[in-house]
Amino acid sequence: MKTFLENWLAMSNNLLKQINNKWIFVAILAISTPVNSASLKSVVEQTLATNPEVLADNNQRMAREQELRQARSGYGPSLDITGGIGVETSDNSTTRAAGSDETLTRQETAIQIRQMVFDGFATKREVARQHARVDSSAYTLMSTTEQVSLRTTETYLEVLKRMELLELAKTNLETHKHTRDQITLRSRSGVGRKADADQVTGRYALAMANVISEESNLADARSNYLRVTGELPNDLLLPDVEKLPVPDSVEAAVEVALAAHPTLKSAEADVEATQAQHQATNNTLYPRIDLEAGQSWNKDLDGQPGDNNDSSVMLRMRYLLFASGREQARRKQTAHLLDEAKEIRNNTRRQVVESIRLSWSQFQTQASQLEYLQQHVDSTKSTLDAYRKQFNIGKRSLLDLLDSENELFDASRSYVNTRYDNLFARYRIQVGLGRLLESLGVDYPGQAELTAQR
């Protein structure tokens, strides 16, 4: 029993000595994460609910919905009521027969209802145009939420990365402190050299400067997080990126992006809107026909005292014969606007393809680097362990030991930076595919819904 307890205590002491290892530290930190930790999904949802860009596009979408309702009102009837009173002096055949002009208090009241029967398809084209504009604004809202979510993800991962780099810097500082203390003891006992003490003191100062630099970088990352999300970070959780679907090839990624990217969809909807606007210019080639019904109640008109009431039901036609070239210029204008919208769509298509290809290339490059960077960390750590044992028995110089410690620190930093860059590249691919919110399990704002079928 005594032997068991002694072995157990020895194992516990060895475990405690290894806690300064950053990987064990990260594992313990993950296990001890508070219940109220913030996941990436919850942070993105909170950001989208308060982000000014998202709210502005949301209001634009609602404004265009009202413009669509205005266009639809062209199919319905209109009702006008008019009234007037004033002094009228009449000089006509009736008053001249009476021998003098007649001045009376003229009073008018009328009501008229008008129903469009045919307007050369102008209302139909305007409704189609507004439908397309509503869809364009919905896709713009989707694109904005994707971009805001990506910025949120970037600042989220940046805080986590800076926290990990700070822990690396602190671990490196502790390592240099241990070496410095060891050299100091040797110097005091008369075994060590002053040059060694000076050298290890300088390296320790550099390690301390690295800690201060990483603390500043973490503070900057927290400030950027506050700017994007509106809140300071608190107990962030490392997201599980393995659940993010990535296409098997860049060609497959491009195909998905061209079929679903909201920015490209918005540009295509703008083309539809301009196409409908251009087609609407042909309405002047047709007559406009309205059904009108009215009733008037007048008094003392045209020098004739007394009531003068009328009732009418008319089918009225209006046809524009000449407008000084205005309509021809309008057709040419909308034709140029249509060409402009098409070129904007074509340029957007190129940008979407470029973005997804760059994201894919970055992701693949970093994924390939990670394996070798991990090997570099493992090899450097093994080398450091061997150098430390050799230094303790006098077979390795202090400079070799210090250089090995710094190499492990630099290798670990390179690995952490590349690992987080690769994580972010996965999210960039999701944005390029137009499905970042879907992959995060976050719903689009309600106004991002498209309009009903035309």
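Read on for a plain summary of the structure. Sequence order sets the numbering: in each chain, residues are counted from 1 along the sequence as written. Residues qualify for local features only when their pLDDT is at least 70, as the model is predicted, and side-chain atom pairs are given and counted only at 80 or more; totals for whole chains, interfaces and linings, by contrast, use all residues. Water and hydrogen atoms play no part in the side-chain values, which are based on all heavy atoms of the structure.

**Some details on the overall build of the chain**
Secondary structure assignment for the chain yields twelve helices and four strands. We take the radius of gyration over the C-alpha atoms and set the globule estimate at 2.2 Å times the residue count to the 0.38 power. Here the chain has a C-alpha radius of gyration of 39 Å; the compact-globule value for 454 residues is 22 Å, and the former is much larger. Projected onto its principal axes, the C-alpha coordinates of the chain cover approximately 140 × 50 × 45 Å. Partly exposed residues are those whose accessible area sits between 20% and 50% of the maximum for their type, while under 20% is buried and over 50% is exposed, using a 1.4 Å probe and protein chains only. Looking at the 454 residues of the chain, the share that counts as buried comes to 36%. Two residues qualify as a contact provided that any one of their heavy atoms is within 4.5 Å of a heavy atom in the partner residue. Long-range pairs, those at least 24 residues apart, make up 84% of the contacts in the chain between residues at least 6 apart in sequence. Surface accessibility of the chain: about 26,000 Å² in total, with carbon and sulfur atoms responsible for 53%. Neither His nor the chain ends contribute to the count of charged residues, in which Lys and Arg are positive and Asp and Glu negative. By convention, the charge on Lys lies at NZ, on Arg at CZ, on Asp at CG and on Glu at CD. The positive charge centre, built from 54 side chains, and the negative charge centre, built from 60, are 6 Å apart in the chain. Numbering of helices and strands starts at the N terminus; helices are DSSP runs of H or I of at least 4 residues and strands are runs of E of at least 2. For the accessible areas, the method is Shrake-Rupley and the probe is 1.4 Å, while residue cover comes only from the protein chains on display.

**Structural notes on the packing of helix α10 (residues 326-392) against helix α11 (residues 398-433)**
The axes used here are C-alpha line fits, helices contributing only the stretch in contact, and every angle between their N-to-C directions lies in the interval 0 to 180 degrees. At their nearest, the axes of α10 and α11 sit 7 Å apart, and the two run at 160° to each other. Relative to α11, the element α10 is oriented roughly antiparallel. Crossing handedness for the pair α10 and α11: left-handed. Residues are grouped as follows: nonpolar covers Ala, Val, Leu, Ile, Met, Phe, Trp, Tyr, Cys and Pro; charged covers Asp, Glu, Lys and Arg; every other residue, Gly included, is treated as polar. Grouping the amino acids of the contact of α10 with α11 by side-chain chemistry returns 18 nonpolar, 14 polar and nine charged. These descriptions rest on fixed angle ranges, namely under 35 degrees for roughly parallel, over 145 for roughly antiparallel, 65 to 115 for roughly perpendicular, and the rest for oblique. For any helix crossing, the convention is left-handed if the near helix is rotated counterclockwise from the far helix by under a right angle, and right-handed if that rotation is clockwise.

**Remarks on the packing of helix α7 (residues 194-229) against α11**
Remark: α7 packs on α11, axes separated minimally by 10 Å, with the N-to-C direction vectors making an angle of 10°. When the axes of α7 and α11 are compared, the pair comes out roughly parallel. Crossing of α7 against α11: the hand is left-handed. Contacts from D196, Q199, V200, R203, N210 and E214 of α7 reach α11 at L398, L399, L402, D403, N406, F409 and R413. Tallied by class, residues from the contact of α7 with α11 come to five nonpolar, three polar and five charged.

**Considering the packing of aromatic side chains**
Pairing of aromatic rings covers Phe, Tyr and Trp, the last counted by its six-membered ring, and requires centre-to-centre distances within 6.5 Å; plane angles under 30 degrees mean stacked, over 60 mean edge-to-face, and any other angle means tilted. Considering all chains together, one arrives at four aromatic pairs under this definition. For the ring pair F118 and Y286, a centre distance of 5.8 Å and an interplane angle of 90° mean the geometry is edge-to-face. Placement of F118 in strand β2 (residues 102-118) and of Y286 in the loop between α9 (262-280) and β3 (288-301) is noted, with a sequence separation of 168 residues between them. Classification of F118 by relative accessible area gives partly exposed; the value is 25%. An aromatic cluster is built from F118, F121 and Y286, whose rings are joined through pairwise contacts. The rule is short: NZ of Lys or CZ of Arg within 6 Å of the ring centre and within 35 degrees of the ring normal puts a charge over the ring. Against the face of Y204 rests R180, its NZ or CZ located 4.1 Å from the ring centre.

**Looking at the side chain of R331**
Position of R331 relative to the elements: it lies in helix α10. By convention in these notes, a salt bridge is any Lys or Arg side-chain nitrogen within 4 Å of a carboxyl oxygen on Asp or Glu. At 5.5 Å, E327 is the nearest oppositely charged side chain to R331, a buried residue that forms no salt bridge. Dropping the residues within four chain positions of it, R331 is found in contact with H278, T281, N282, T284 and L285.

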